[in-house]
Amino acid sequence: MLKGAFPVDSFRGMKTPFYFYDMDLLQRTLEEVRLQAGRFPGFQVHYAVKANSNPEILKVIAESGLGADCVSGGEVAAAFEAGFPAESIVFAGVGKSDEEIRLGLRLGISRFNVESEAELEVIDSLAAQAGTVAPVSIRVNPDIGAHTHANITTGLAENKFGIYHEELESVLRMVLGMKHVRFCGLHFHIGSQILDMADFVALCNRVNEITSRLKRSALPVGDLNVGGGLGINYQHPNHLSIADFKGYFETFARHLDLDPGQTVHFEPGRSVVAPCGTLISRVLYIKEGVTRQFAILDAGMTELIRPALYHAYHRIENLSSDEAEELYDVVGPICESSDVFGKGLSIDKCHRGDFMAIRSVGAYGESMSSRYNLRPLAGTLFYRK
Ligand code: LLP
């Protein structure tokens, strides 16, 4: 949404900070996902709930027909309540508690993505107690690096995620010998905010290597889940407001060796919801430092932790001013030196009370918010033209 298109008049009565969600953009994004994935039979998309679990957002995504990828019992319950059918819910995570596993079994979710032998044994025994059979996929650690921030790379041998690919055969034999789990497929995820399709090509190549190895050993492969990770353009939220879903799905269609009828599952989070969210905040104070000028906002790392945690860039605009740009360190009010949204940013001259827009926060903004410093949780505005 262009700076001038934000409905600033409707912000005046609102308590800041709040998350502004452009629901038209979310709809257009979901249509694009459906269109592009729909070109390839067998491609199924599960939205990664961790990116944004706001009930209103979940409801719209559920209505669009996507499934849900969850990483906690709380997310499984939220997805179910928002209208995702249990058969479209998959549940991943390295540390599922007994209670969370029981919830998944009770609801009859479509898949447990299992990350260790120890977890597999627990699922088998809890499913036995419940008199049922748990559908499982094995999460494989493919030992592939993605060119993204170290904290959001997940597919390397040193990461805690998944079963190392060389141990897959023995774990698979273990699964096949169990009475209360049913083997359904393999799960992979290499990281997040990936913009270079070559990273996904590398994943496809590794998946092909692994599946042909399993077939040579006469072991089943089942369906494939290639995780999430498609990145968005944080620099130009207006020009490139919908991620490259076309290139993304085409990459997998071209590079994965699939058997007839084999399904491929995707778990995009960020690319679905990041662009539609903007954090709206007011300038509290302008402070002239010794070497720099600070714009102190009423939003902080409690509403958006990504800059503090990953040095992530989010575009910041002053919605209330057209005056000549000045340089600012844009900071929040939290008692932490890392509570900084950006340093030396060139922004239209700021005054106390101006509305500031921090862009592309729809993913991992609200869902990672906290009440640190006993701040209240920020509100929301769902905008439809
Ligand atoms: N599937 C699995 C198994 C995952 O671990 C993740 C994200 C996704 C799917 C969704 O990935 P996405 O499409 O959103 O990249 N808080 C960080 C991102 C952490 C991602 C964790 N896993 C951030 O703010 O950048």
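Along each chain, residue indices are assigned from 1 in the same order as the chain's sequence is written. Given that this is a predicted model, residues contribute local features only at a pLDDT of at least 70 and side-chain atom pairs are listed and counted only at 80 or more, while totals for whole chains, interfaces and linings are drawn from all residues. Heavy atoms throughout the structure, all of them, feed into the side-chain values; hydrogens and water do not.

Visitor: Tell me about the overall build of the protein, residues and numbers included.
Guide: The way it works is that DSSP assigns letters per residue, a run of H or I at least four long becomes a helix, a run of E at least two long becomes a strand, and they are numbered from the N terminus. Scanning the protein from N- to C-terminus turns up ten helices and 17 strands. Against the globule reference of 21 Å for 385 residues, the protein gives a C-alpha radius of gyration of 22 Å, in line with a compact fold. Buried means the residue's accessible area, taken with a 1.4 Å probe over protein chains only, is under 20% of the maximum for its type, while exposed means over 50%, and partly exposed covers the values in between. Expressed as a percentage of the 385 residues in the protein, the buried residues total 57%. Residues are treated as being in contact if the distance between any of their heavy atoms lies within 4.5 Å. Partitioning the intrachain contacts of the protein with sequence separation of at least 6 by distance along the chain shows that 72% fall at a separation of at least 24. Each charge sign in the protein was given a centre, from 37 positive and 47 negative side chains, and these centres are 2 Å apart. Two things to know: the radius of gyration comes from C-alpha atoms, and the globule rule equals 2.2 Å times the number of residues to the power 0.38. Think of it this way: Lys and Arg go in the positive column, Asp and Glu in the negative one, and His and the chain ends go nowhere. To locate a charge, take atom NZ for lysine, CZ for arginine, CG for aspartate or CD for glutamate.

Visitor: Talk me through the site of the ligand; I want residue IDs and the actual numbers.
Guide: As a structural note, the neighbourhood of the ligand is formed by 18 residues, with S192, E267, R306, Y310 and Y364 the closest of them. Here a polar contact is recorded for every N or O atom pair within 3.5 Å, except that within protein the pair must consist of a potential hydrogen donor and a potential acceptor, and residues adjacent in sequence are included only if both atoms are side-chain atoms. Here E267 contributes a side-chain N or O atom positioned 2.7 Å from a nitrogen atom of the ligand. Burial of the ligand by the protein amounts to 92% of the accessible area it has alone, namely 580 Å². Split into classes, the residues belonging to the shell around the ligand amount to six nonpolar, six polar and six charged. In this document the domain limits rely on a domain assignment from an automatic tool or a database. Counting contributing residues, the shell around the ligand receives three or more from each of domain 1 (24–272) and domain 2 (275–383). Throughout, the term near means that a residue has one or more heavy atoms lying within 4 Å of the molecule or strand in question. Only the protein chains shown count as cover for residues, and all accessible areas are computed by the Shrake-Rupley method using a 1.4 Å probe. Under the scheme applied here, ten amino acids are nonpolar (Ala, Val, Leu, Ile, Met, Phe, Trp, Tyr, Cys and Pro), four are charged (Asp, Glu, Lys and Arg), and all others, including Gly, are polar.

Visitor: Break down the domain arrangement of the protein for me, with residues and values.
Guide: Taken domain by domain, the protein comprises domain 1 (24–272) and domain 2 (275–383). Look at where the C-alpha atoms of domain 1 and domain 2 centre, and you get two points 33 Å apart. Across the boundary between the two partners, domain 1 contributes 21 residues, which contact 19 residues of domain 2. Both faces considered, domain 1 and domain 2 share a buried interface measuring about 1,900 Å² in area, 56% of it formed by carbon and sulfur atoms. For the interface between domain 1 and domain 2, the tally reads seven residue pairs in polar contact (both at pLDDT 80 or more). Of all the elements in the fold, those that place two or more residues in the side of domain 1 that touches domain 2 are α1 (23–38), α2 (55–63) and α9 (270–273). No other element matches α1, which puts three residues into the side of domain 1 that touches domain 2. Two parts lose some accessible area (1.4 Å probe) when they are put together, and adding that loss for both gives the buried area.

Visitor: A description of the packing of α2 against helix α3 (residues 73–82) should follow, citing residues and the corresponding values.
Guide: Lines fitted to the C-alpha atoms define the axes, with helices restricted to the stretch that makes contact. Angles between their N-to-C directions range from 0 to 180 degrees. Packing of α2 against α3 brings their axes to within 8 Å, and their N-to-C directions diverge by 60 degrees. On the basis of the axis angle, α2 is oblique to α3. The two elements α2 and α3 cross, and the hand of that crossing is right-handed. Note on element contacts: α3 touches α2 through A78, A79 and A82, opposite P55, L58, K59 and A62. Taken together, the residues of the contact of α2 with α3 sort by class into six nonpolar, no polar and one charged. To sort the angles, those under 35 degrees are grouped as roughly parallel, those over 145 as roughly antiparallel, those from 65 to 115 as roughly perpendicular, and the leftovers as oblique. By the definition used in this description, the sense in which the near helix is turned from the far one sets the handedness, with an anticlockwise turn below a right angle giving left-handed and a clockwise turn giving right-handed.

Visitor: Quick rundown of the pattern of salt bridges? Include the residues and the values.
Guide: When a carboxyl oxygen of Asp or Glu is within 4 Å of a side-chain nitrogen of Lys or Arg, the pair counts as a salt bridge. One pass over the structure, following the stated rule, counts 17 salt bridges. For D223, the salt bridge goes to R111, with nearest N and O atoms at 3.1 Å. In this pair, D223 sits in strand β9 (residues 223–225) while R111 sits in strand β5 (residues 111–114), placing the two residues 112 residues apart along the sequence. The pair formed by D223 and R111 is uniform in burial state, with each residue classed as buried. Measuring nitrogen to oxygen at the nearest pair gives 2.6 Å for the salt bridge that ties R292 to D329. Highlighted residues: R292 in the loop between β11 (277–288) and β12 (293–297) and D329 in strand β14 (residues 325–331), separated in sequence by 37 residues. For D329, a relative accessible area of 3% puts it in the buried group. Through salt bridges with shared partners, a single ionic network connects R39, K246 and E250.

Visitor: Describe the packing of α1 against helix α8 (residues 245–255), with residues and values.
Guide: Across the interface, α1 lies against α8 with an axial gap of 9 Å and an inter-helix angle of 25 degrees. One element, α1, and the other, α8, form an angle in the roughly parallel class. The two elements α1 and α8 meet at a crossing, and its hand is right-handed. For the pair formed by α1 and α8, the contact residues are T29, E32, V33, Q36 and A37 on the first element and F245, K246 and F249 on the second. Each residue belonging to the contact of α1 with α8 can be placed in one class, and the counts come to four nonpolar, two polar and two charged.

Visitor: Could you give me a rundown of the nonpolar core, with the residues and numbers involved?
Guide: Ranked by size, the top nonpolar core spans 101 residues in total, and within it F112, L186, F249 and F252 carry the most contacts. For this core, the leading source of residues is helix α7 (residues 197–216), giving seven residues. Excluding residues within four positions of it along the chain, L186 makes contact with S137, I138, V140, L168, I210, T211, L214, V221, D223, L224 and N225. Residues belong to one nonpolar core when they are buried, are Ala, Val, Leu, Ile, Met, Phe, Trp, Tyr or Cys, and are joined through side-chain atoms within 4.5 Å. One finds F6, F11, L319 and L381 within the second-largest nonpolar core, a separate group that totals eleven residues.

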